[in-house]
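Working through the structure, step by step
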Amino acid sequence: MHRPVVASSGFVLFATGVDLFHVTTISQVVAVGIGAVSLLALGLALFMYLASLRLAARAKELERRVVARTTELTAVNEKLLKKINERQAAKDAIPDPEEKFHQLADHIQEIFWMMDAATKHVIYVNPAFEQIAGRTVASLLDAPLSYRENIHPDDRVRFLINLDEAAKTGVFDEEFRIIRPDGSIRWLRSRGFPIRDQQKNLYRLAGIAQDITDRKAAEQALRESQAELARASRIVTMGELAASISHEIRQPLTAIVATGSATLRWLTQQPPNVDEAREAVTGMVRDANHASAVIEKIRELLKGSSPQLRRLNVNEVVREVLAVAANDLVREGIVVRTVLAPDVPSVLGDRVLLQQVMLNLITNGIDAMSMVTGRLRELLIHSTGHPDGALIQVQDSGKGIDSEQMQRIFEPFFTTKAEGIGLGLSISRSIIEALGGRLWAAPASPHGAIFQFTLPVGEAS
Ligand SMILES: Nc1ncnc2c1ncn2[C@@H]1O[C@H](COP(=O)(O)OP(=O)(O)OP(=O)(O)O)[C@@H](O)[C@H]1O
Ligand SMILES: [Mg+2]
């Protein structure tokens, strides 16, 4: 670009006609100018070159950064991808709600059921139904009212009435028996809840039915043992039995002897007083019959009461009796604490008789605390090993026993209660002594009484 400028300058110089000296001078000037221009051009070129170098360096730097950023982004991307995959895998592992429901319903031990509230048709039961009812789910769904036929006839009417009620209220809670096709009986407890539509109308009943046959059997066993206990508590044992027999029989026997002597006198009179004698003999027959009735009554009381000596765990006996006394204890607001040594030695005894002893002591404790106010009513039962075998203590926080009473409480027929007979402690002591143990009482601190007994260790049989 600078060349036309030089040419035009030369043309201007020649055209003005200046002298040679001037031409020379001018040439020098021109030369200097050309040099300057060249230098300028060179500088420009250099500048351009340097600029292009800087540009190239920048481009390189940019490229490096782009590569670095790309690497970074790729790494981030991979991480992200990994996370997404993981989430998807986790999501795949969680079943959807319906699947979840089926997994649950297929594996629970109870029957999960659903029925139409209006028609009472069963519309769903889980597989546990087959196990418990002994028939197939399909057979029930084919005949959706046929569950009624499985209900025990004694429970059916009540069941159906309550089911009708449940169709209105949505609340259902029934214990009932079913008869399985093989004839066996199972107890079920079924609890239902309402399912309502958007208008809040009840249109389905759903619920859970649980097999409670084992619980019912345990309850039955408990009831039987309660009845056995009640019978046992009527039994007059050992020393007290002898006392009561002699008391009850001595009276008619004495009367028979007295009347017999009188009869003899009337018959030896001259003439014999036959009328008086006949009346006296009639009285003797009556008294003899009475004695016989007393013996029969005692025999009945004793029926099946021969002691059954077995090795026993006294802790078990304590627990059984507490279960029997639970209602009374709760009703009286009594707190029961048990400290039962797990290693308490087994003893030799009769389970029913030992239950009777424990029940007598617990009943006395309950009676003694019935008037207590302003302090905790507490019954403490403690079992532990003892040099004589096992030691069982029953402690209450009741009214306590004063020293005068303490002398007499084990006497037969000693009682301070309006309704008492006064035989509980004397019978209990007889039982424990007959089993080779001891029973005694002491005041408890700060309140109440403590009754305790030992029993010898039962020989391994
Ligand atoms: N834990 C106790 N605290 C205070 N007094 C007691 C306690 N246990 C027994 N007694 C006293 O001993 C008496 C005799 O008790 P026992 O059990 O022999 O007969 P009872 O309880 O009166 O009548 P039952 O023949 O019905 O048992 C009781 O009337 C009571 O006065
Ligand atoms: Mg008593």
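Small disclaimer: the values here were computed from a predicted structure and weren't measured.

Quick notes on the site of ligand 1
As a matter of local geometry, ligand 1 sits amid 19 residues, with Thr-415, Thr-416, Lys-417, Leu-423 and Leu-425 nearest to it. Asn-364 has a polar side-chain atom sitting 2.8 Å from an oxygen atom of ligand 1. Within the side chain of Lys-417, an N or O atom sits 2.6 Å from an oxygen atom of ligand 1. Within the complex, the protein chains bury 91% of what would otherwise be the 590 Å² of accessible surface of ligand 1. Going through the elements one at a time, α12 (351-369), α14 (424-434) and β12 (449-455) are the ones with two or more residues in the shell around ligand 1. Across the shell around ligand 1, the residue classes break down as 9 nonpolar, 7 polar and 3 charged.

Describing a nonpolar patch on the surface
Together, Leu-46, Tyr-49, Leu-50 and Leu-53 line one region of the surface with nonpolar side chains, adding up to about 410 Å² of accessible area. Inspection of the secondary structure assignment puts Leu-50 in helix α2 (residues 20-93).

Observations regarding unusual backbone geometry
Residue Pro-271 is reached from Gln-270 by a cis peptide bond, and omega for that bond is -10°. Inspection of the secondary structure puts Pro-271 in the loop between α9 (238-268) and α10 (274-302). Not every positive phi belongs to a glycine, and Lys-120 is a case in point at roughly 65°. Here Lys-120 lies in the loop between β1 (111-116) and β2 (122-125).

Considerations on the nonpolar core
Formed by 44 residues in total, the largest nonpolar core has its most connected members in Leu-354, Met-358, Ile-362, Phe-451 and Phe-453. Going through the elements one at a time, α11 (314-331), α12, β9 (378-386), β10 (389-396), α14, β11 (438-443) and β12 are the ones with two or more residues in this core. Ranked by residues supplied to this core, first place goes to α12 with 9 residues. Non-local contacts of Ile-362, meaning those with residues more than four positions away in its chain, are made with Val-321, Leu-322, Ala-325, Leu-329, Leu-379, Ile-381 and Val-394. Listed in part, the 23 residues of the second largest apolar core include Met-115, Ala-133, Val-137 and Leu-205.

Here we look at the pairing of strand β5 (residues 202-211)
Where β1 lies against β5, 6 bridges are found, and the strand directions are antiparallel. Across the sheet, Met-115 pairs through a bridge with Leu-205, a residue of β5. Where strand β4 (residues 185-196) meets β5, 9 bridges bridge the pair, whose relative direction is antiparallel. Note that in β5 the partner of Phe-193 across the bridge is Ala-206. Counting the residues that bridge the hairpin from β4 to β5 gives 5 residues, and of these Lys-200 lies at a positive phi of roughly 70°.

A look at the sheet that holds β10
With mixed pairing, the 5 strands of this open sheet are ordered in space as β7-β9-β10-β12-β11. Each edge of the sheet is formed by a strand with only one pairing partner; in this case those strands are β7 (335-340) and β11. Each strand axis lies, on average, 15° off the axis of its neighbour in the sheet, ignoring direction. Sheet topology note: the β9/β10 ladder contains 8 bridges and is antiparallel. The residue of β10 that forms the bridge with Thr-384 is Leu-391. The strands touched by α12 are β9, β10, β11 and β12; relative to β10, the strand with the most contacts, the crossing angle is about 25°. Across the sheet, α14 touches β11 and β12, and the angle it forms with β11 is around 135°.

Examining the environment of Asp-402
When you line up the elements, Asp-402 lands in the loop between β10 and α13 (403-406). Once the C-alpha coordinates of Asp-402 and Pro-443 are considered, the two residues, 41 residues apart in sequence, prove to be 8.3 Å apart.

A few points about the packing of α12 against α14
Two numbers describe how α12 lies on α14: the axes approach to 9 Å, and their chain directions differ by 145°. Both α12 and α14 take part in a crossing whose hand is left-handed. Contacts between α12 and α14 involve Leu-353, Leu-354, Gln-356, Val-357, Asn-360, Leu-361 and Asn-364 from the first element and Gly-424, Leu-425, Ile-427, Ser-428, Ile-431 and Ile-432 from the second. Each residue belonging to the contact of α12 with α14 can be placed in one class, and the counts come to 8 nonpolar, 5 polar and no charged.

Points about the packing of aromatic side chains
Given two aromatic rings, their pairing is described by the distance between the two centres and the angle made by the two planes. Within the structure shown, the criterion is met by 5 aromatic pairs. Plain terms: the ring middles of Phe-159 and Phe-172 are 5.5 Å apart, the flat faces sit at 85° to each other, and that makes the pair edge-to-face. Here Phe-172 lies in strand β3 (residues 172-179) and Phe-159 lies in helix α7 (residues 153-169), a separation of 13 residues in the sequence. A residue is classified by how much of its surface remains accessible, and Phe-159, at 6% relative accessible area, is buried. What makes Phe-172 buried here is its relative accessible area of 4%. One aromatic cluster in this structure is built from Trp-113, Phe-159, Phe-172 and Phe-176. When the ring centre of Trp-187 is taken as reference, the NZ or CZ atom of Lys-216 above it lies at 4.4 Å. Note that Arg-438 overlies the ring of Trp-440, its terminal NZ or CZ placed 4.4 Å from the centroid.

Quick notes on the pattern of salt bridges
Counting across every chain of the model gives 25 salt bridges. A salt bridge links Arg-65 to Glu-61; its shortest N-O distance comes to 3.3 Å. Residue Arg-65 and its partner Glu-61 are located together in helix α2, separated by 4 residues, close to a single helical turn. Here Arg-65 falls in the exposed class, since its relative accessible area comes to 51%. The shortest N-O distance in the salt bridge between Arg-158 and Asp-155 comes to 3.3 Å. Here the residue Arg-158 and the residue Asp-155 both occupy positions in helix α7, the gap between them amounting to 3 residues, near one helical turn. Each of Asp-155, Arg-158, Glu-174 and Arg-177 takes part in a single network of salt bridges with overlapping partners.

Observations concerning the sheet that holds β4
Strand pairing in a sheet relies on backbone hydrogen bonds. The paired strands run either parallel or antiparallel. The antiparallel open sheet is built from 5 strands, whose spatial order is β2-β1-β5-β4-β3. Either end of the sheet is taken by a strand with one partner, and the two such strands are β2 and β3. Neighbour-to-neighbour, the strand axes of the sheet open up by a mean angle of 25°, direction not taken into account. The strands touched by α7 are β1, β3, β4 and β5; relative to β3, the strand with the most contacts, the crossing angle is about 150°.

Parameters at a glance
Residues numbered from 1 in each chain as written. Chains lettered and ligands numbered in written order. Predicted model: local features only at pLDDT ≥ 70, side-chain atom pairs only at ≥ 80, totals over all residues. Heavy atoms only, no water. Near = heavy atom within 4 Å. Polar contact = N/O pair within 3.5 Å; in protein donor to acceptor, adjacent residues only side chain to side chain. Areas by Shrake-Rupley, 256 points an atom, 1.4 Å probe, with all protein chains shown as cover. Helix = DSSP H or I, 4+ residues; strand = E, 2+ residues; numbered from the N terminus. Nonpolar A, V, L, I, M, F, W, Y, C, P; charged D, E, K, R; others polar. Patch = residues over 30% accessible without salt bridge, like charges linked within 9 Å, V, L, I, M, F, W, Y side chains within 5 Å. Salt bridge = Lys/Arg side-chain N within 4 Å of Asp/Glu carboxyl O. Core = buried A, V, L, I, M, F, W, Y, C linked by side-chain atoms within 4.5 Å. Buried < 20%, exposed > 50% of the residue type's maximum accessible area, 1.4 Å probe, protein only. Contact = heavy atoms within 4.5 Å. Pairing = 2+ DSSP bridges. Axes fitted to C-alpha atoms, helices over the stretch in contact; angles between N-to-C directions. Left-handed = near helix turned anticlockwise from the far one by under 90°. Phe/Tyr/Trp six-rings, centres within 6.5 Å; stacked < 30°, edge-to-face > 60°. Lys NZ or Arg CZ within 6 Å of the ring centre and 35° of its normal.

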